[in-house]
Amino acid sequence: MVTPRILVPEKVSVDGLALLSEDYEVVSRPQGLSPEELLSLIPSFDALIVRSETKVTAEVLSAAGSRLRVVARAGVGVDNINVEAATAGGIIVVNSPAGNIVAAAEHTVALLLATARNVGRADRTTKEGRWERGKLVGVEVGRKTLGIVGLGKVGMKVARMCIGLGMKVIAFDPYANPDLARQTGVERLVPRLQDMLPEIDFMTIHTPLLASTLDLIGETEFKLMKPTARVLNVARGGVYNEAALLDALNKGIIAGAGLDVFTKEPPDESTPAWDLLRHEKVVATPHLGASTVEAQENVAVDVCTQVAAVLRGELPTSAVNAPLILPEEYRALKPYAKLIERMGGLYTQNFVSPPSSSVGVGARHFELVYHGDLAGVSNSRPLLAALIRGLVSPFSDTAGKHVNIVNAMAVAREKGIIIREVHAHSGAGSGKENSVYASSVTLRAVAAEDEQQDREKTESVNAGRQVIEGYVSANNIYISRLGRFSANFIPEGTLLILHNFDEPGKIGGVGSVLGRHGINIRFMQVASLDLERSKAGQDGTKGQERTQSDMIATNGNDDSQHAQPPVSEGSSKKKGDEALMILGVDGDITKQVMEDLRTAEGILNVSLVQL
Ligand SMILES: NC(=O)C1=CN([C@@H]2O[C@H](COP(=O)(O)OP(=O)(O)OC[C@H]3O[C@@H](n4cnc5c(N)ncnc54)[C@H](O)[C@@H]3O)[C@@H](O)[C@H]2O)C=CC1
Ligand SMILES: O=C(O)C(=O)COP(=O)(O)O
């Protein structure tokens, strides 16, 4: 038998590699490989172990052919790996979700203090022979307010450490577990990003880099901050818009920045990061967040153990692209799992992430109602796992996608999500329009018990606003209801969902905005207000509750998209005048496209949904 070969084109701790070298041939190139070298070497390897510098593109994965079985990321972020292409090629991607989080959090605190006390400049000028005490007066962090964006594993550690430094911590993360945040001492979880901006003295970001977090902090956000505010980034370059950050520092809109990560690493002269690195008000480090002896041992041991497992034909512990459904359940449940996962993704992106740059706060408790034939499903775990994956994925590059039937409950608990399953044995479908389908599913946000006193919230939930219904027909999946609107579309690809007044000219207006930006429209549909059910205030499900799962999710909020339109006094607009336009599009939907759509006449709200 040929000995499996493992390529390691980065510096990975020998403690991990030692676990592999006895049984496998390990080819280590700690200086790195050029993209061309990687392409030519990869076909003769069974496993690839990388950190953040190697770009594992679709081209690399296709050049690998059928021999490559596993790509391991000795760290957290997998944004340098094309996970979709790996999944399509049957290649398992694993990472080390927790091995370096202490290191990343400590580095954040190091940058916090260095930024507050001008440590970088002081060190440089002192070495140059200057003694500039008067120019280097800093600020204290104790009793100051830190705003954390992204209260996941690293964010939570930073919160604990900074509370220890005497800081007041507030946070924004639509998918944070509020109970855990409270127990940790986080004073407040704000429902919208901009709510915290005028208040904070320091900001630190700990989100992954996703379509929804790219340029999360730009010109508008910096302008809302105090001129004394300082910002930190030990997550990923691109979450702060680098050009806007440079401008904010140059114009004194904010006071300083501590940066470990950049859009291009190392930055070259073509990026604003080049000037940021050299800026007087910036303390910069070359992506050192995870670079401690301890963290490197942890992540190396973690991923090398998993690589060995995969090469032995076993399942790894932290697969980023693990299967959702076991093969035997695959055929019967696959379309429903796909439908429910998409409904979860649609929920999060349509109801939780309203179109404005701010992201809202999602519901914590859901009801998942199986109608018709599906009500008889005996093992619904893959369906629940699909829902968790759909709800969580838009906010995560790894946690969401690695949700599978084994770990779904744990992920749900971590996020504070609770899902109540209802098996509706009232014939095929309970809602009027569902009755034509053999099986359909309703996902509805419900008020959590501790929110029952909150009358407004309870009413908004009772009004049945955060509801999605879908069905499967001939193995295709469809959405038949979105909020208060009856619809019929395939939840796939990039969708723009526009809430508007149903008046002539809307379609032309939206078409011309998209045309101007070179966006191709694949399909378009107008969903009208379902007045009957809207009036009833619910979807009338009279399901017989059969199982109750102890799971789940996030913070309740009303959905802005389905709030009443701003009908002015004397206006002739009535409830029935609202509609949803659902467009399937191809092309890059930038912030500018969203802004232009949002400001188009008669448009009340726009969501960008990627499924
Ligand atoms: N500089 C370095 O060397 C290191 C960087 N990292 C990076 O730090 C980041 C965080 O890592 P973890 O804490 O392990 O990830 P995590 O997945 O545990 O936490 C991320 C959190 O961000 C939240 N989030 C997602 N989108 C958001 C949005 N639009 N607004 C607010 N919150 C949002 C999620 O709900 C989640 O709670 C990752 O990008 C990772 O790659 C991690 C380790 C070392
Ligand atoms: O784990 C992560 O996400 C990191 O950013 C660490 O990157 P590195 O392994 O040090 O290249």
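Residues numbered from 1 in each chain as written. Chains lettered and ligands numbered in written order. Predicted model: local features only at pLDDT ≥ 70, side-chain atom pairs only at ≥ 80, totals over all residues. Heavy atoms only, no water.

**Quick word on the site of ligand 1**
This is how it is decided: We call a residue near a molecule or strand whenever a single non-hydrogen atom of that residue lies within 4 Å of it. In protein, a polar contact requires one atom able to donate a hydrogen and another able to accept it; more generally it is a pair of N or O atoms within 3.5 Å, and residues adjacent in sequence count only if both atoms are side-chain atoms. The way it works is that DSSP assigns letters per residue, a run of H or I at least four long becomes a helix, a run of E at least two long becomes a strand, and they are numbered from the N terminus. Under the scheme applied, nonpolar residues are Ala, Val, Leu, Ile, Met, Phe, Trp, Tyr, Cys and Pro; charged residues are Asp, Glu, Lys and Arg; polar residues are all the others, including Gly.
Near ligand 1 you find 29 residues, and of these K153, V154, D173, D260 and F395 are the closest. The side chain of R236 places a nitrogen or oxygen atom 3.3 Å from an oxygen atom of ligand 1. In this structure, an oxygen atom belonging to ligand 1 sits 3.4 Å away from a main-chain N or O atom of G289. Only α5 (101-117) and α7 (153-164) provide two or more residues apiece to the shell around ligand 1. Classifying every residue of the shell around ligand 1 gives 15 nonpolar, nine polar and five charged.

**Some thoughts on the packing of helix α15 (residues 381-392) against helix α16 (residues 408-415)**
Stated formally: For helices, the axis comes from a line fit to the C-alpha atoms of the stretch in contact; other axes are also lines fit to C-alpha atoms, and the angle between any two N-to-C directions lies between 0 and 180 degrees. Any angle that is under 35 degrees is reported as roughly parallel, and any over 145 degrees as roughly antiparallel; angles of 65 to 115 degrees are reported as roughly perpendicular and all others as oblique. Should the near helix be turned anticlockwise from the far one by less than a right angle, the crossing is left-handed, and should it be turned clockwise, the crossing is right-handed. Any two residues whose heavy atoms approach within 4.5 Å at even a single point are treated as in contact.
Two elements in contact, α15 and α16, have axes whose closest approach is 9 Å; the angle formed by their N-to-C orientations is 45 degrees. Taken together, the axes of α15 and α16 are oblique relative to one another. At the point where α15 passes α16, the crossing takes the left-handed sense. Judged by residue contacts, A385, I388 and V392 of α15 engage A408, V411, A412 and K415 from α16. Residues belonging to the contact of α15 with α16 are distributed by class as follows: six nonpolar, no polar and one charged.

**Some remarks on the site of ligand 2**
Using the following cut-off: Surface accessibility in these figures is a Shrake-Rupley result with a 1.4 Å probe; residues are shielded only by whichever protein chains are displayed.
As a structural note, the neighbourhood of ligand 2 is formed by R51, S52, R73, A74, G75, V76, G77, N100, R236, H287 and A290. Separating an oxygen atom of ligand 2 from a side-chain N or O atom of R236 is a distance of 2.8 Å. With the chains in place, 91% of the 310 Å² that ligand 2 exposes on its own is no longer accessible. Split by residue class, the shell around ligand 2 holds three nonpolar, five polar and three charged.

**Looking at the packing of aromatic side chains**
Going by this rule: We call Phe, Tyr and Trp rings a pair once their centres come within 6.5 Å, taking the six-membered ring for Trp, and we label the pair stacked below 30 degrees between planes, edge-to-face above 60, and tilted otherwise. Relative accessibility under 20% of the residue-type maximum defines a buried residue, over 50% an exposed one, and the middle range a partly exposed one, all with a 1.4 Å probe and only protein chains included. Sitting over a ring, as applied to charges here, requires NZ of Lys or CZ of Arg to be within 6 Å of the ring centre and within 35 degrees of the ring normal.
One pass over the full model with this rule turns up four aromatic pairs. Residues F222 and Y240 carry aromatic rings whose centres are separated by 6.2 Å and whose planes lie at 15 degrees to one another, so their mutual orientation is stacked. Here the residue F222 occupies a position in helix α10 (residues 219-223), and Y240 occupies one in the loop between β10 (230-233) and α11 (242-250), the gap between them amounting to 18 residues. For the pair F222 and Y240, one class covers both residues: buried. The interplanar angle of 20 degrees and the centroid separation of 5.1 Å between the aromatic rings of Y471 and Y478 together place this pair among those described as stacked. By relative accessible area, Y471 is classed as buried at 5%. One aromatic cluster is present, formed by Y347, F351 and F366 through successive ring pairs. Residue placement shows R5 over the ring face of F45; its charged tip is 4.3 Å from the ring centre. In this structure, R278 is placed above the aromatic ring of W274, and the distance from its NZ or CZ to the ring centre is 3.8 Å.

**Focus on the domain arrangement of the protein chain**
Where we set the bar: Throughout the structure description, domain borders are defined by an automatic or database domain assignment. Note on terms: buried area is the combined drop in 1.4 Å-probe accessible area of two parts once they are placed together, counting the loss on both. A carboxyl oxygen of Asp or Glu within 4 Å of a side-chain nitrogen of Lys or Arg is what we treat as a salt bridge.
As assigned here, the protein chain comprises domain 1 (5-99 + 294-311), domain 2 (101-284) and domain 3 (327-610). Distance between the C-alpha centres of domain 1 and domain 2: 31 Å. For the pair domain 1 and domain 2, the summed buried surface comes to about 480 Å²; carbon and sulfur atoms form 51% of the total. Its largest share of buried area at the contact with domain 2, domain 1 owes to D79, P97 and A98, together 59% of the area lost on that side. If you look at where domain 1 meets domain 2, you find one salt bridge. Taking the shortest distance from any N to any O, the salt bridge between D79 and R236 comes out at 2.9 Å. Across the contact surface, domain 1 and domain 2 share two residue pairs in polar contact (both at pLDDT 80 or more). Partitioned by chemical class, the residues of the side of domain 1 that touches domain 2 number three nonpolar, two polar and two charged.

**Digging into a negative patch on the surface**
Keep this limit in mind: Patch building starts from residues that exceed 30% relative accessible area and form no salt bridge, then joins like charges within 9 Å and nonpolar side chains (Val, Leu, Ile, Met, Phe, Trp, Tyr) within 5 Å. A positive count includes Lys and Arg, and a negative count includes Asp and Glu. His and the chain ends are not counted in either. Positions of charges follow a simple convention, taking NZ of Lys, CZ of Arg, CG of Asp or CD of Glu.
Side chains of D15, E106, E294 and E297 sit close together on the surface and give a patch of like negative charge. If you trace the backbone, E297 turns up in helix α13 (residues 293-311). Of the residues examined, E297 reaches a relative accessible area of 32% and is grouped as partly exposed.

**Notes on the pairing of strand β7 (residues 168-172)**
To keep things clear, this is the line we draw: In short, DSSP must find at least two bridges between two strands for them to pair. For crossovers, right-handed means that the path from the first strand over the helix to the second runs clockwise, given strands pointing away from the viewer.
Of all five residues in β7, four are buried; the element is thus mostly enclosed. As judged from the five bridges shared by strand β6 (residues 145-149) and β7, these two strands associate in the parallel manner. Looking at β7, one finds that T145 is bridged to K168. Read as a crossover between parallel neighbours, the route from β6 over α7 to β7 is right-handed. Note: β7 against strand β8 (residues 188-189), two bridges, orientation parallel. Within the sheet, the bridge partner assigned to I170 lies in β8 and is R188. In this fold, β7 hands off to helix α8 (residues 178-184), which returns the chain to β8; that crossover is right-handed.

**Things to note about the pairing of strand β19 (residues 494-501)**
Within β19, eight of the eight residues are buried, which leaves it mostly tucked inside the rest of the structure. When β19 meets strand β21 (residues 578-586), the two strands line up antiparallel, connected through eight bridges. Across the sheet, H499 pairs through a bridge with L580, a residue of β21. As defined by bridge partners, β19 adjoins strand β22 (residues 603-610) across seven bridges and the pair is classed as antiparallel. Opposite H499, over in β22, you have N605 as the bridge partner.

**Focus on the environment of A385**
Position of A385 relative to the elements: it lies in helix α15. With a relative accessible area of 0%, A385 lands in the buried category. Along the chain, A385 and A375 lie ten residues apart, while their C-alpha atoms are 17 Å from each other.

**Quick notes on unusual backbone geometry**
Here the amide bond leading from E265 into P266 is cis, since omega sits at -10 degrees, within 30 degrees of zero. Position of P266 relative to the elements: it lies in the loop between β11 (256-259) and α12 (272-278). Even without a glycine there, the phi angle at H287 is positive, about 50 degrees. Its place among the elements puts H287 in the loop between β12 (282-284) and α13. The phi angle at N475 is positive, at roughly 70 degrees, despite the residue not being glycine. Inspection of the secondary structure puts N475 in the loop between β16 (467-473) and β17 (476-482).

**What to know about the side chain of H371**
Mapped onto the secondary structure, H371 falls in strand β13 (residues 365-372). For H371, a relative accessible area of 0% corresponds to the buried category. A polar side-chain atom of H371 sits 2.7 Å from a polar atom in the side chain of T442.

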